[in-house]
Amino acid sequence: MYIPPHFEQPDIEVMHDLIRNRPLATLVTLGSDGINANHIPLHLVPELEPFGVLRGHVARSNPIWCDLESDVDTLAIFHGPDTYISPSWYATKQETGKVVPTWNYAVVHAYGSLRIIDDASWVRSQMEDLTTYHEAAFPVPWALSDAPGDFTKKLIETVIGIEMVITRLSGKWKVSQNQPPQNQASVIQGLNASGQSEAISMASLVNAGVKNVR
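The present account deals with the structure reproduced in this document. (Residues numbered from 1 in each chain as written. Predicted model: local features only at pLDDT ≥ 70, side-chain atom pairs only at ≥ 80, totals over all residues. Heavy atoms only, no water.)

## Remarks on the side chain of Asn 104
Consideration 1: As for its placement among the helices and strands, Asn 104 is situated in strand E7 (residues 102-112).
Consideration 2: Judged by relative accessible area, which is 1%, Asn 104 ranks as buried.
Consideration 3: In terms of polar contacts, Asn 104 uses its side chain to reach the side chain of Ser 176, at 2.9 Å. (Helix = DSSP H or I, 4+ residues; strand = E, 2+ residues; numbered from the N terminus. Buried < 20%, exposed > 50% of the residue type's maximum accessible area, 1.4 Å probe, protein only. Polar contact = N/O pair within 3.5 Å; in protein donor to acceptor, adjacent residues only side chain to side chain.)

## Topic: the sheet that holds strand E8 (residues 114-117)
Consideration 1: Taken together, the four strands give an open sheet; going across it, the order is E4-E5-E9-E8, and neighbouring strands pair in antiparallel fashion. Of all strands in the sheet, those with a lone pairing partner are strand E4 (43-45) and E8, marking the two edges. Averaged over all pairs of adjacent strands, the angle between their axes in this sheet comes to 30°, without regard to strand direction.
Consideration 2: Pairing of E8 with strand E9 (residues 159-165), which is carried by four bridges, proceeds in the antiparallel orientation. Considered in E9, the bridge of Ile 117 is made with Gly 161. (Pairing = 2+ DSSP bridges. Axes fitted to C-alpha atoms, helices over the stretch in contact; angles between N-to-C directions.)

## Digging into the pairing of strand E10 (residues 168-174)
Consideration 1: Taking burial as the measure, the seven residues of E10 include six buried ones, the bulk of the element.
Consideration 2: Judged from the two bridges that link them, strand E1 (residues 8-9) and E10 form a sheet pairing that is antiparallel. Its bridge partner lying in E10, Gln 9 is registered against Gly 171.
Consideration 3: Here E7 pairs with E10 via seven bridges, running antiparallel. The residue of E10 that forms the bridge with His 109 is Ser 170.

## Observations regarding the packing of aromatic side chains
Consideration 1: A complete count under the given rule lists one aromatic pair for this structure.
Consideration 2: Summarising the aromatic geometry, the rings of Tyr 84 and Trp 103 are spaced 6.0 Å apart at their centres and angled 65° between planes, so their arrangement reads as edge-to-face. Note that Tyr 84 is positioned in strand E6 (residues 74-85) and Trp 103 in strand E7, a separation of 19 residues in sequence.
Consideration 3: The ring centre of Tyr 111 lies 3.8 Å from the NZ or CZ of Arg 168, which sits over that ring. (Phe/Tyr/Trp six-rings, centres within 6.5 Å; stacked < 30°, edge-to-face > 60°. Lys NZ or Arg CZ within 6 Å of the ring centre and 35° of its normal.)

## A look at a nonpolar patch on the surface
Consideration 1: A grouping of Leu 30, Ile 35 and Val 72 is seen on the molecular surface, where their side chains present a nonpolar patch of about 250 Å² in accessible area.
Consideration 2: Exposure remark for Ile 35: the relative accessible area of 67% places this residue in the exposed category. (Patch = residues over 30% accessible without salt bridge, like charges linked within 9 Å, V, L, I, M, F, W, Y side chains within 5 Å. Areas by Shrake-Rupley, 256 points an atom, 1.4 Å probe, with all protein chains shown as cover. Salt bridge = Lys/Arg side-chain N within 4 Å of Asp/Glu carboxyl O.)

## Brief notes about the sheet that holds E7
Consideration 1: Here six strands make up an open sheet; going across it, the order is E1-E10-E7-E6-E2-E3 and the pairing antiparallel. The open sheet has two edge strands, E1 and strand E3 (34-41), and neither has a second partner.
Consideration 2: As judged from the 10 bridges shared by E6 and E7, these two strands associate in the antiparallel manner. In the strand pairing of E7, Tyr 84 is matched with Trp 103.
Consideration 3: Against the sheet, helix H1 (residues 12-21) engages E1, E6, E7 and E10, with an angle of about 80° to E10. (Contact = heavy atoms within 4.5 Å.)

## A short note on the nonpolar core
Consideration 1: In this structure, Leu 42, Leu 54, Ala 76, Phe 78 and Trp 173 are the most contacted members of the largest nonpolar core, which totals 36 residues.
Consideration 2: A total of five residues in this core trace back to one element, the largest contributor, which is helix H5 (residues 197-208).
Consideration 3: Once residues within four sequence positions are removed from consideration, Leu 54 is found in contact with Ile 19, Leu 42, His 43, Leu 44, Ala 76, Phe 78, Ala 110, Ile 162, Glu 163, Met 164 and Ile 166.
Consideration 4: Counting residues in each nonpolar core, the second largest holds seven residues, with Trp 122, Val 123, Leu 144 and Val 159 among its members. (Core = buried A, V, L, I, M, F, W, Y, C linked by side-chain atoms within 4.5 Å.)

Okay, here's the thing in structure tokens:
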């Protein structure tokens, strides 16, 4: 990924936050027919240093687990907020007119070897961790144990576990750092005025800047 220095996100915890908040990864692998991309929610285990571990599961019918070049890194891409930036929002438009549209976004790339785990107990534990994390915000969280035991047993038999120890982590926060302060302020105003959730999230990123986004 091309990352100009002013768009680089160096903070591991900030990148971990994006992974936790936007867990649906584009998982890019290399198989016998070339490059494959699958969209899979991955659960981050950050305690395992230095960059953490990603865990998930896929259907056994998905060839990703049995058609995999083991000596080539896997890439998991996590997308944060993204939005169109109108040149009309720039304060300097009135001064020079020298403004053009762009697109702001935040993204994390995680690299590592993908390990296949054909173990029902491991898969059940991974499902429990995933659902416990995402159900925590609900008034009455659902748990895997709420479903009939024979039902979950059969379900688990149809999937297989995947795990990636992250060996490299790259973050790109393109959030108007290349604009003068007056344009950053007017972009924030324009994004908030749109009322769209992605735009409001991006306004927060522009306000915080790349170095201190948490």
